[in-house]
Amino acid sequence: MNQEILIAGGGIGGLAVALGLARQGLPTLVLEKASKFGEIGAGIQLGPNAFHAFDYLGVGDSARSLAVYVDSLRLMDALSADEICRIPLDEAFRNRFGNPYAVIHRGDLHGVLLKACEESDLIKLRTSAQVVDYDQDGTGVRAILADGGTVDGTALIGADGLWSNIRKRVVGDGPPRVSGHTTYRSVIPFDLMPEDLRWNAATLWAGPKCHIVHYPLSDWKAFNLVVTYHNDAPEPVAGMPVDKSEVRQGFEHIHERARQIIEHGNDWKLWVLCDRDPVSIWVDGRVALLGDAAHPMLQYFAQGACMAMEDAVCLSAVAAELDGDMEAAFPEYQARRVLRTARVQLQSRQIGDHIYHAAGPHAALRNAIMQSKSPDDWYDTLQWIYGGTGLEGRTGAVT
Ligand SMILES: Cc1cc2nc3c(=O)[nH]c(=O)nc-3n(C[C@H](O)[C@H](O)[C@H](O)COP(=O)(O)OP(=O)(O)OC[C@H]3O[C@@H](n4cnc5c(N)ncnc54)[C@H](O)[C@@H]3O)c2cc1C
């Protein structure tokens, strides 16, 4: 009997859980459907909870060396071009949460995890291996691959993302919910970013039914641009190249200072965002879900990958507590993670409606509430999420 734990999916979540389990002496085999491991060429924001996870997974130094440390989270009104508020990410923030807030290129982050996996004797990596289904009995699991092959292991972790095949069996709740929000992404060289907007901040311009996010990346060589338009798009789309003229359409009503940012982007790609309602069952015997496969969310809290890494930390710690018995570990992992991730899923939607895309009096109320908060008020509001580590047991949703 093969004693490896199988992991379907070699994204951030799959690689993170391979590293976490290796740390506990547990061998894994990562089965990735793509012909090579990688991530899309865009940025990602990392809350302090991501840094707790990096340290647990043994990649803290390398991840820290590739991150850009932004000074603030800056919220701009996209109609007036006035600043609404700024949350400082300075020493006080770091002391409060024990770690910084940063941004990083996805390829760099994935590369750090991949290198650490390649260096581990306990992790095997296999590409062109799409898991389409599984069988299990009392002693093990058999992953069934798209090419008809099979792979046996002691357990199976479905870290296969938004369109997870493993979820189809474990939860069976049909396709994800299409949000109707269309996101366009571009990365632009530093020199192309308007000089007066080269801020060391994760900046959000919030406008009626649209918003723009930008921040520096890759040692300030580039800026990440993500612009989103709530246009009620009916079908899911992922990574489709589009012309700039299409991107402009959703932003004609906002201030010129914000709108011009779109002109500097090139090679725009389009996603129609999807998420799911939270569910409380992620486990079927020797099979469990992790990351977007378990709790896909809109990106408005910038926490999807952070949650996947926290899942990896939690599952690894529980597996160690239960001497590597994954069948016993999975329900306990589920119990510790479901409420916390459900809160992020639901609040991500609320943030989209009430902060990112508000209009008229709704937006004026947003501005008034957000302006009234001090940095300490913000830190109190964010304590439950940024103060988390994946190790807080079943209370992670509320403390
Ligand atoms: C626009 C946008 C911005 C975002 N910004 C942030 C942010 O700032 N901060 C943050 O924390 N999160 C952010 N996220 C969320 C984050 O990208 C995801 O939550 C995270 O990548 C999920 O990781 P994962 O490993 O669970 O899934 P994925 O990244 O989807 O990885 C799944 C992997 O499994 C492989 N795979 C799929 N199906 C199979 C199969 N059947 N068999 C084998 N392999 C398979 C895929 O090829 C892929 O490699 C953002 C998301 C979007 C859309």
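Everything numeric here is computed off the predicted structure, so don't read it as measured data. (Residues numbered from 1 in each chain as written. Predicted model: local features only at pLDDT ≥ 70, side-chain atom pairs only at ≥ 80, totals over all residues. Heavy atoms only, no water.)

1. Some thoughts on the nonpolar core
Counting 73 residues, the largest nonpolar core has Leu46, Phe54, Ile157, Ile166 and Met326 as its most contacted members. Top contributing element to this core by residue count: helix α9 (residues 304-321), with ten residues. If near-sequence neighbours (up to four positions away) are discounted, isoleucine 157 is found in contact with Ile5, Leu6, Ile7, Ala8, Val17, Leu21, Ala288, Leu290, Leu315 and Phe330. Core analysis: the next-biggest nonpolar cluster, separate from the first, contains 37 residues, Val70, Ala202, Trp384 and Ile385 among them. (Core = buried A, V, L, I, M, F, W, Y, C linked by side-chain atoms within 4.5 Å. Buried < 20%, exposed > 50% of the residue type's maximum accessible area, 1.4 Å probe, protein only. Helix = DSSP H or I, 4+ residues; strand = E, 2+ residues; numbered from the N terminus. Contact = heavy atoms within 4.5 Å.)

2. Re the side chain of arginine 74
When you line up the elements, arginine 74 lands in strand β4 (residues 72-77). Take arginine 74: its relative accessible area is 14%, and that puts it in the buried class.

3. Looking at the site of the ligand
If you check the shell around the ligand, you find 29 residues, and the closest are Gly13, Glu32, Gln45, Arg106 and Asp292. In this structure, an oxygen atom belonging to the ligand sits 2.8 Å away from a main-chain N or O atom of glutamine 45. One of the backbone N or O atoms of valine 131 is found 2.9 Å from a nitrogen atom in the ligand. In isolation the ligand has 1,000 Å² of accessible area, and contact with the protein removes 85% of it. Top element by residues in the shell around the ligand is α9. It accounts for three residues. (Near = heavy atom within 4 Å. Polar contact = N/O pair within 3.5 Å; in protein donor to acceptor, adjacent residues only side chain to side chain. Areas by Shrake-Rupley, 256 points an atom, 1.4 Å probe, with all protein chains shown as cover.)

4. Thoughts on the packing of helix α1 (residues 12-23) against helix α5 (residues 106-118)
Running from N to C, α1 and α5 cross one another at 35°; their axes reach a closest spacing of 9 Å. Between α1 and α5 lies a crossing of left-handed hand. Residue-level inspection shows Ile12, Leu15, Ala18 and Leu19 of α1 in contact with α5, the latter providing Leu109, His110, Leu113, Leu114, Ala116 and Cys117. Across the contact of α1 with α5, the residue classes tally to nine nonpolar, one polar and no charged. (Axes fitted to C-alpha atoms, helices over the stretch in contact; angles between N-to-C directions. Left-handed = near helix turned anticlockwise from the far one by under 90°. Nonpolar A, V, L, I, M, F, W, Y, C, P; charged D, E, K, R; others polar.)

5. Let's talk about the packing of aromatic side chains
A full pass over the atoms with the stated rule returns 17 aromatic pairs. Seen from their ring centres, tyrosine 229 and phenylalanine 251 are 6.3 Å apart, and the 50° between their planes marks the pair as tilted. Separated by 22 residues along the polypeptide, tyrosine 229 in strand β15 (residues 222-230) and phenylalanine 251 in the loop between α7 (244-248) and α8 (256-264) bring together distant segments of the chain. You can call tyrosine 229 partly exposed: its relative accessible area is 23%. On the accessibility criterion, phenylalanine 251 (0% relative accessible area) is buried. Members of the aromatic cluster, joined through ring pairs, are Phe93, Phe97, Tyr101, Tyr379 and Tyr386. Cation over ring: arginine 23 sits above tyrosine 56, and NZ or CZ is 3.8 Å from the ring centre. Above the ring of tyrosine 134, the side-chain terminus of arginine 169 is found at 4.3 Å from the ring centroid. (Phe/Tyr/Trp six-rings, centres within 6.5 Å; stacked < 30°, edge-to-face > 60°. Lys NZ or Arg CZ within 6 Å of the ring centre and 35° of its normal.)

6. With respect to the pattern of salt bridges
Under the defined criterion, the tally for this structure stands at 27 salt bridges. Between arginine 349 and aspartate 277 there is a salt bridge, with the nearest N and O atoms lying 2.9 Å from each other. With a gap of 72 residues between them, arginine 349 in helix α10 (residues 326-356) and aspartate 277 in the loop between β17 (269-275) and β18 (283-284) connect regions that are remote in the sequence. For aspartate 277, a relative accessible area of 47% corresponds to the partly exposed category. Among the salt bridges present, the one from glutamate 327 reaches arginine 286, with a minimum N-O distance of 3.2 Å. Here the residue glutamate 327 occupies a position in helix α10, and arginine 286 occupies one in the loop between β18 and β19 (287-289), the gap between them amounting to 41 residues. The class of glutamate 327 is partly exposed, set by a relative accessible area of 37%. Its relative accessible area of 13% is what places arginine 286 among the buried residues. Several salt bridges share partner residues, and in doing so they unite Arg177, Asp275, Asp277 and Arg349 into one network. (Salt bridge = Lys/Arg side-chain N within 4 Å of Asp/Glu carboxyl O.)

7. Quick word on the side chain of histidine 357
Within the secondary structure, histidine 357 is located in the loop between α10 and α11 (360-371). When its relative accessible area of 8% is taken as the criterion, histidine 357 is described as buried.

8. Brief notes about unusual backbone geometry
Even without being glycine, serine 128 reaches a positive phi, approximately 50°. Tracing the sequence through the fold places serine 128 in the loop between β7 (123-126) and β8 (131-136).

9. Structural notes on the pairing of β8
Note that β8 and strand β9 (residues 141-145) share five bridges and pair antiparallel. In the strand pairing of β9, aspartate 135 is matched with arginine 142. Between the antiparallel neighbours β8 and β9 lie four residues. (Pairing = 2+ DSSP bridges.)

10. Some points on the sheet that holds strand β10 (residues 150-153)
The strand order β8-β9-β10 describes an open sheet built from three strands, whose pairing is antiparallel. At either end of the open sheet lies a strand with only one pairing partner, and these are β8 and β10. Pairs of neighbouring strands in the sheet enclose a mean axial angle of 25°, with direction left out of account. Where β9 lies against β10, four bridges are found, and the strand directions are antiparallel. Within β10, the residue paired with alanine 143 across the bridge is valine 151.

11. Description of the environment of alanine 359
If you trace the backbone, alanine 359 turns up in the loop between α10 and α11. Take alanine 359: its relative accessible area is 37%, and that puts it in the partly exposed class. Remark: the alpha-carbon pair of alanine 359 and proline 208, spanning 151 residues in sequence, is separated by 4.6 Å.

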